[in-house]
Amino acid sequence: MKHEFVNRSGNRRLLLIFAGWGMDANPFRHVSRPGYDVLVVWDYRDLSPDWTIVAGYDEIVLIAWSMGVYAASMTIHSIDHLITARIAVNGTMTPVDNLRGIPEAVFEGTASSLDDRNLRKFFRRMCGDRETTDRFMSAAPSRGIGELVEELRAIYPEPWFANPKVTSWDRAVIGSRDAIFPPCNQQRAWQGTPIVVLDRPHYVDLQEIADAYIIDKERAAGRFDARRDTYEANTPVQQTIVDELIADVYRSNIHRRLSRPATACLEIGCGTGSLSRRLAALVPDGFLYFWDIGSNGPQGVDCTRFTSCDAELQICRTHAERFDVIASASTIQWFNSPRRFLAECYRVLRPGGLLLLTAFTRGNMHELTAAGATSLNLPDEQCWLSMMPRGFEILSWTPVDYDMVFDEPVDVMRHLRLSGVNGLDRNSRPVSGHALVRRYPRMLDGRCHLTYRTLRMILKKPDNV
């Protein structure tokens with residue numbers, strides 16, 4: 001395997017790209033994401049990576065494309081503790097398979113007849129149309145036919161075509177016009193994994209995937225810190241969500257469990273302290289710990305146990321069965337891998353422990369999307385449910401929509417600005433505030449609505465695990 005940094009700015013986070021067969025770093029030199037260095041690996045004639053090159057990073061997000069999906073699944077096990085999210089794009093862990101990969105006859109035909117002419121034909125099939133082909137060929141890989149044949153023969157049938165070492169992925173992106181990995185085969189291969197189907201050929205611009213699914217955490221932290229003084233006064237929905245979560249605690253009759261002496265309670269994403277103050281009342285004789293990516297602890301509570309950190313990483317470093325309660329309000333949708341975070345919560349909770357969560361779901365702030373903004377790719381309710389570790393018992397599960405009404409679009413923009421962190425993503429083609437105001441939808445009465453689509457969850461780890 002070969003590798004090259006295509007973007008390196010001394011960041012503590014890394015976007016790791018596993019390229020497809022026949023590639024090098026050239027087609028991916030444009031890929032970037034704020035707060036992340038970008039490393040491309042390719043050439044799967046051998047699978048012996050030197051992972052010392054990533055040893056200094058706090059977090060790695062993986063995007064694997066085409067044959068890179070299988071190569072990643074075979075090689076990332078030794079750095080898996082650094083990886084938060086794994087995204088597969090137009091590939092499977094069974095790359096040569098009549099039902100779950102490239103049909104064997106097609107693969108063999110490519111390997112046995114590869115020359116310059118057929119390689120160009122392959123690239124055209126891979127790209128799907130002239131515009132995409134021209135864009136790809138302007139940054140085409142520079143590799144010889146001989147080594148490409150060797151790479152195909154290394155892939156199938158010998159020597160390394162075997163069971164993958166890492167099989168859990170956060171998301172599989174499938175191009176509905178993929179002429180290399182049949183979409184129906186990909187659908188079969190990814191049963192049990194969240195699937196996103198895009199109207200794309202086999203070749204997908206990975207900048208689009210990075211923009212859609214990788215969180216700019218530093219920007220989110222900076223915006224929130226800048227709005228601490230105005231946050232609570234301008235987030236009535238978030239305050240109501242917290243009130244209702246605490247009401248769920250009483251309705252589920254678990255408040256007595258929280259009030260036991262020496263209860264260890266962790267709040268993740270404590271912010272200004274809306275939930276923190278309520279937890280302090282629920283856990284009067286226990287120990288409260290607060291984590292937040294911002295630099296300041298919650299207001300109105302004892303902050304001696306506050307840690308400024310990326311909770312998605314910090315929880316992976318936490319000893320098993322450390323806490324009796326983990327609580328988080330309107331935070332985990334900002335993680336690169338909520339699925340992995342939830343699994344870590346299960347590990348870190350003691351038997352009988354409780355997980356109190358609220359999150360936003362797909363369709364949140366859909367009016368902004370209608371106005372042309374790019375929102376976060378949030379899970380829908382069913383996807384949130386599928387991410388819950390099997391051992392959890394669901395005590396409460398409540399989806400609720402909250403509707404805010406404003407006189408003018410500019411009032412919506414002011415609300416978002418004063419609240420600090422909103423549901424918009426920062427992508428490579430931002431929409432101006434003026435454009436959002438101009439396009440913002442109005443109701444028949446001329447007023448503007450903003451919908452918060454939320455989910456409240458209370459889960460319990462079994463007492464006897």
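From a predicted model like this one, the values you see are computed outputs, not experimental measurements.

Concerning the pairing of strand β7 (residues 195-198)
Consecutive side chains along a regular strand alternate between the two faces of the sheet. Side chains V196 and L198 project from β7 onto a buried face, and the interleaved I195 and V197 project onto a face without burial. The handedness of the strand β6 (residues 171-175) to β7 crossover, carried by helix α6 (residues 183-189), is right-handed.

Some words on the packing of aromatic side chains
Per the stated rule, a full pass over the model turns up 14 aromatic pairs. Taking the centre distance of 5.6 Å and the plane angle of 65 degrees together, the rings of Y289 and F323 count as edge-to-face. Here Y289 is found in strand β9 (residues 287-292), whereas its partner F323 is found in strand β11 (residues 323-329), with 34 residues between them in sequence. Here Y289 matches F323 in class, with each residue buried. Clustering of aromatic rings is evident, with ring pairs tying together W21, F28, W65, F122, F123, F136 and Y203. Seen from the ring of Y289, R322 lies directly overhead, with NZ or CZ sitting 4.9 Å from the centre.

Section: the layout of surface pockets
Put simply, the largest pocket is a space of about 620 Å³. As for the largest pocket, its lining consists of 33 residues, and the residues nearest its centre are V196, Y213, R362, N377 and L378. Here the lining of the largest pocket gets five residues from one element, more than from any other, and that element is helix α7 (residues 206-213). Residues that form the lining of the largest pocket fall into these classes: 11 nonpolar, 13 polar and nine charged.

A short note on the packing of helix α2 (residues 104-112) against helix α5 (residues 145-155)
It is the contact of α2 with α5, at a shortest axis distance of 9 Å, that shows an interaxial angle of 150 degrees. One way to sum up the angle between α2 and α5 is to call them roughly antiparallel. Once α2 is placed against α5, the crossing between them reads as left-handed. Between α2, through F107, E108, T110, A111 and S112, and α5, the contact on the second element is made entirely by V149, L152, R153 and I155. Its residues assigned to classes, the contact of α2 with α5 comprises five nonpolar, two polar and two charged.

So, how was this worked out
- Sequence positions are assigned chain by chain, starting from 1 and proceeding in written order.
- In view of the model being predicted, local features appear only for residues whose pLDDT reaches at least 70, and side-chain atom pairs are presented and counted only at 80 or more, with totals across whole chains, interfaces and linings using the full set of residues.
- Where side-chain values are given, they derive from all heavy atoms of the structure, hydrogens and water being excluded.
- The buried label goes to any residue with under 20% of its type's maximum accessible area, the exposed label to any with over 50%, and the partly exposed label to all in between, with areas taken from a 1.4 Å probe on protein chains only.
- Under the scheme used here, helices are H or I runs from DSSP no shorter than 4 residues and strands are E runs no shorter than 2 residues, and both carry numbers assigned from the N terminus.
- Note on handedness: a crossover is taken as right-handed if, strands pointing away from the viewer, the path from the first strand over the helix to the second is clockwise.
- In this scheme Phe, Tyr and Trp rings, the latter by its six-membered ring, pair at centre separations within 6.5 Å, and the angle between planes marks the pair as stacked below 30 degrees, edge-to-face above 60, and tilted otherwise.
- Throughout this description, the term charge over a ring refers to an Arg CZ or Lys NZ atom that lies within 6 Å of the ring centre and within 35 degrees of the ring normal.
- Using a grid of 1 Å spacing that covers the protein atoms alone, one calls a set of points a cavity when a 1.4 Å probe fits there but cannot get out, and a pocket when the set is open and has protein on both sides within 12 Å along at least five of seven lines; lining residues are those with an atom within 4 Å of a point.
- Grid points are joined across faces, edges and corners, and a volume is the space filled by probe spheres set on the points.
- Residues are grouped as follows: Ala, Val, Leu, Ile, Met, Phe, Trp, Tyr, Cys and Pro are nonpolar; Asp, Glu, Lys and Arg are charged; all remaining types, including Gly, are polar.
- Lines fitted to C-alpha atoms define the axes here, with helix axes fitted over just the stretch in contact, and angles between the N-to-C directions of these axes take values from 0 to 180 degrees.
- Should an angle fall under 35 degrees it is called roughly parallel, over 145 degrees roughly antiparallel, and 65 to 115 degrees roughly perpendicular, with every other angle called oblique.
- Each crossing is labelled by how the near helix is turned from the far one, with a counterclockwise turn of less than a right angle marking it left-handed and a clockwise turn marking it right-handed.
- Any pair of residues with heavy atoms lying within 4.5 Å of one another is described as a contacting pair.

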